[in-house]
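Overview (structure and organization)
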Amino acid sequence: MTASSQKRKRVLSGMRPTGKLHLGNYVGALQNWVGMQDQYECYFCVVDWHALTTDYADTSQIKENSLEVAFDWLAAGLDPEKSVIFMQSHVPAHAELHLLLSMITPLGWLERVPTYKEQRENIKDKDLGTYGFLGYPVLQAADILIYKADVVPVGEDQAAHIELTREITRRFNGFYGAKKPVFPEPQTLLTPAAKLPGTDGRKMSKSYGNTIMMADPEPVVRQKLKTMVTDPARVRRSDPGNPDVCPVGDLHKIFSSKETMAKVNDGCRTAGIGCIECKSWAADALVQLLSPMQERRRKFEENPKLAWDILEAGTQRARKTAVETMDDVRASMGMSLKYEAPGK
Ligand code: TRP
Ligand code: SF4
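Residues numbered from 1 in each chain as written. Chains lettered and ligands numbered in written order. Predicted model: local features only at pLDDT ≥ 70, side-chain atom pairs only at ≥ 80, totals over all residues. Heavy atoms only, no water.

**What to know about the domain arrangement of the protein**
Per the domain assignment, the segments of the protein are domain 1 (4–196 + 304–332) and domain 2 (216–297). Taken over C-alpha atoms, the centre of domain 1 sits 35 Å from the centre of domain 2. Across the domain 1/domain 2 interface, buried area totals approximately 960 Å², and carbon plus sulfur atoms make up 66% of it. Of all residues in domain 1, Leu 23, Ala 75 and Lys 195 give up the largest surface area on contact with domain 2, accounting jointly for 46% of the area buried on that side. Close ionic contact of Arg 297 with Asp 72 constitutes a salt bridge, the shortest N to O distance being 3.0 Å. (Domains from an automatic or database assignment. Buried area = accessible area lost by both parts, 1.4 Å probe. Salt bridge = Lys/Arg side-chain N within 4 Å of Asp/Glu carboxyl O.)

**What about the site of ligand 2?**
Near ligand 2 you find Thr 230, Asp 231, Arg 234, Pro 243, Cys 246, Val 248, Cys 268, Cys 275 and Cys 278, and these make up its full shell. Tallied by class, the residues present in the shell around ligand 2 amount to six nonpolar, one polar and two charged. (Near = heavy atom within 4 Å. Nonpolar A, V, L, I, M, F, W, Y, C, P; charged D, E, K, R; others polar.)

**With respect to the site of ligand 1**
With respect to spatial proximity, 13 residues lie near ligand 1, and among them His 50, Tyr 136, Gln 140, Asp 143 and Gln 158 are the closest. Tyr 136 is positioned such that a nitrogen or oxygen atom in its side chain is 2.8 Å from a nitrogen atom of ligand 1. Within the contact set of ligand 1, a nitrogen atom lies 3.0 Å away from a side-chain nitrogen or oxygen of Gln 140. Summarising the interface, the protein chains cover 89% of the accessible area of ligand 1, which totals 370 Å² for the free molecule. Of all the secondary-structure elements, those providing two or more residues to the shell around ligand 1 are β1 (10–15), α8 (136–145) and β4 (151–154). Residue contributions to the shell around ligand 1 peak at four residues, all from α8. Of the residues in the shell around ligand 1, the class split is six nonpolar, five polar and two charged. (Polar contact = N/O pair within 3.5 Å; in protein donor to acceptor, adjacent residues only side chain to side chain. Areas by Shrake-Rupley, 256 points an atom, 1.4 Å probe, with all protein chains shown as cover. Helix = DSSP H or I, 4+ residues; strand = E, 2+ residues; numbered from the N terminus.)

**Looking at the environment of Pro 243**
Turning to its location among the elements, Pro 243 is positioned in the loop between α10 (218–226) and α11 (247–255). For Pro 243, a relative accessible area of 1% corresponds to the buried category. A sequence separation of 12 residues divides Pro 243 from Asp 231, and the C-alpha atoms of the two residues are 7.3 Å apart. Ignoring anything within four residues of it in the chain, the contact list for Pro 243 reads Gly 249, Asp 250, Lys 253, Val 264, Asn 265, Cys 268 and Arg 269. (Buried < 20%, exposed > 50% of the residue type's maximum accessible area, 1.4 Å probe, protein only. Contact = heavy atoms within 4.5 Å.)

**Thoughts on the environment of Gly 155**
Mapped onto the fold, Gly 155 is located in the loop between β4 and α9 (159–176). Note on Gly 155: relative accessible area 19%, which makes it buried. Spatially, the C-alpha atoms of Gly 155 and Asp 200 are 22 Å apart, while their sequence positions differ by 45 residues. Not counting residues up to four positions away in its chain, the partners in contact with Gly 155 are Leu 190 and Thr 191.

Structure below.
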């Protein structure tokens, strides 16, 4: 068998529908996904049920936010011809498998998940003492296993969830996969963690209000860069600075060309350039990255049904794979609907 005729490995990843995405979401996940589409058979899921684990009391934004996420995915270059792009809540088999996995997942495993403890402590304005919130990683495991995914590209913050998925996989295969493992153990593919600062120098995050959005038009990008914090050592134009301790320097490292980076390095350290000039170069790089995406986005904003149709078609494809997996799952558990004479 030649390499190209071998079955491509399957990828699954998901994102919560938080609304419009920012540059941190792009470099932290989406950019990586876009690059995987040719090498892998990819499934990308808007995990709207996961939104309910924290936002169950107010569901009014979920659908709109899902559509916004889809716009940004398509704008960034996720391609429905290559990848299956779909909505979790319309593939009921995720819930079926979640139920079965919940039966075999020890409570202690869930209580130990770091994000569980952290969020219970940090999020005080919602009651997270729910069954669904504790079970969040079990639903995530179902998302992955229902497609028998080999590889799960995620950021560092999700690594513990994928590890738990692997433990659940081993337990499931141990109980029901004696003849043949039902699920492959999914591998974590860590997204190279680019340190993307927001405009205030802290990690870019919706909750800090320091984001640059993928859909921000050029004047907004330029304005946000103007007010971005810099190396505090550069008080005056004549003070030298250090791009390694400057959030704008971090943006250059991620988005600018080698040539620009060299000019920044040299100019900043010798006070040969001013921060205003330096920031305008960073803005140039961002605008250059974002404008083709925004061009693609426009088509979907003008006609949102186009994006919705893509999600719908993807969801149909996902359902087909998921139903096949459930057939295997039922068979492995001796619970298929096929009649078998008693005692056989
Ligand atoms: N928990 C993930 C996050 O918050 C989202 C997610 C849900 C996911 N299901 C998944 C990621 C399956 C990868 C695979 O980012
Ligand atoms: Fe930061 Fe650029 Fe100013 Fe140096 S010149 S401190 S890298 S903004």
